[in-house]
Amino acid sequence: MSLILAANAGTSSLKISLFRLADPVDLVLTCSISNITALPAQQSLTNRICHRVVHGGDYAAPVVIDHAAYDRIAALSDLANGAALAVIKACLKKMPNAKSIAYFDSAFHTTIPHHIASYAIDQCIASKRGLRKYGFHGLSCMRPTALIPPPQLWRLHLRDQSRTVPRYLHGAHATQRSPRRHTLWCHVKRARIRVGTDAKVNGKVEVNGEDSTDKWTPAFDLFVDRVLDFVGAYHLKLGAAVDALVFSGGIGERSKELREVVAARARCLGYAKVDPAKNAELGQGVVVDIGHKGEGKGEREKRVLVCRTDEQLEMARSCALDERFWE
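Here's what I pulled together on the structure shown here. Please read all numbers here as calculations on a predicted model, not as lab measurements. (Residues numbered from 1 in each chain as written. Predicted model: local features only at pLDDT ≥ 70, side-chain atom pairs only at ≥ 80, totals over all residues. Heavy atoms only, no water.)

## Quick word on the packing of aromatic side chains
What the rule picks out here adds up to two aromatic pairs. Between Tyr59 and Phe104, the ring centres sit 4.7 Å apart and the planes meet at 5 degrees, which makes this aromatic pair stacked. Within this pair, whereas Tyr59 is found in the loop between strand S4 (46-53) and strand S5 (63-64), its partner Phe104 is found in strand S6 (residues 99-104), the two being separated by 45 residues in sequence. For the pair Tyr59 and Phe104, a shared accessibility class is recorded, and that class is buried. Between Tyr103 and Phe325, the aromatic rings sit 6.5 Å apart at their centres with planes inclined by 70 degrees, giving edge-to-face as the arrangement. With Tyr103 in strand S6 and Phe325 in the segment after helix H10 (311-321), this residue pair connects regions lying 222 residues apart in the sequence. The exposure class of Tyr103 is buried, given its relative accessible area of 3%. Note on Phe325: relative accessible area 2%, which makes it buried. In this structure, Arg72 is placed above the aromatic ring of Tyr59, and the distance from its NZ or CZ to the ring centre is 4.0 Å. (Phe/Tyr/Trp six-rings, centres within 6.5 Å; stacked < 30°, edge-to-face > 60°. Helix = DSSP H or I, 4+ residues; strand = E, 2+ residues; numbered from the N terminus. Buried < 20%, exposed > 50% of the residue type's maximum accessible area, 1.4 Å probe, protein only. Lys NZ or Arg CZ within 6 Å of the ring centre and 35° of its normal.)

## Re the pairing of strand S14 (residues 303-307)
Among the five residues in S14, four count as buried, and that is most of the element. Pairing of strand S12 (residues 244-248) with S14 involves four bridges; the strand directions are parallel. Bridging across to S14, Phe247 finds its partner in Val306. (Pairing = 2+ DSSP bridges.)

## A word on helix H2 (residues 78-94)
Each α-helix turn comprises 3.6 residues. Residues three or four places apart therefore point the same way. Over its 17 residues, H2 extends 22 Å from the first C-alpha to the last, a length consistent with the 24 Å expected when each residue adds 1.5 Å. Within H2, the axis deviates most sharply at Ala84, by approximately 35 degrees. Among all positions of H2, only Asn81, Ala84, Leu85, Val87, Ile88 and Cys91 are buried. The inward-facing, buried residues of H2 abut strand S1 (3-9), strand S2 (13-21), S4, helix H1 (67-76) and S6. (Expected span 1.5 Å × (residues − 1). Bend = angle between axes of the 7 residues up to and from the residue. Contact = heavy atoms within 4.5 Å.)

Right, here's the structure in full:
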């Protein structure tokens, strides 16, 4: 039996899924570990281990991790890659007979045009030091890109990252399939407002260091404003040739209020009106259409969708189908 272990290391947790080769893979088990202190017990039957690595620099595809690759990944970013490196190091030591493979979030975005990836700084310095926009959450972007038929789609990847240290609100990703893919990762850097796990955006809201459910409104309004900024801007960049608006990520998948507000504001761009019943109860589907049928505009109806992402599954599927890793 051939098994694939997929490890998704975050800042304070580790998501692990075990798959067996099938057509292409079947899930055997999954677990999530908080307060990481050590790698789970060795699995002697595991042949391949897939590691999610946030920052891959110039890597445009997954790579088998040897000492040279490990050192190259470690040199990129301790902040972004620290948790993944700790898991990789443990796997190389405890499971030396299994092939460890790095899957990079940034690899999905290597087709971003140069002028969009560039910062308005001295380009000699930028080139020497690798200072450009790399794009992140690429593994998560692969899910709707693979599952949703329209050739061009807008993906709002809305996440909560407030678990262990103060993090600021994330904004939106825009994804265009062929011939180019555009992604924007918005960080609200200056507002001391963050979303956690319980209020209107399915998160406890902290404003200026104080917890209060009565103070969620500024965070919610700020979040919506940032999302709308990028929805409008990217529709201009794409010439409004977009077929679907896709919500994903922790907040995108869980906050019916946020989906309702953003989709309502996007109606002027031709998107279908959100069906309150569908929006409130998504069911068990991986991709859920929450719009009223027949209310989108344009040659093709513009849909409003929710896509449940699974980075571990994407890594395992990719590994199972990549002949390079089974030679």
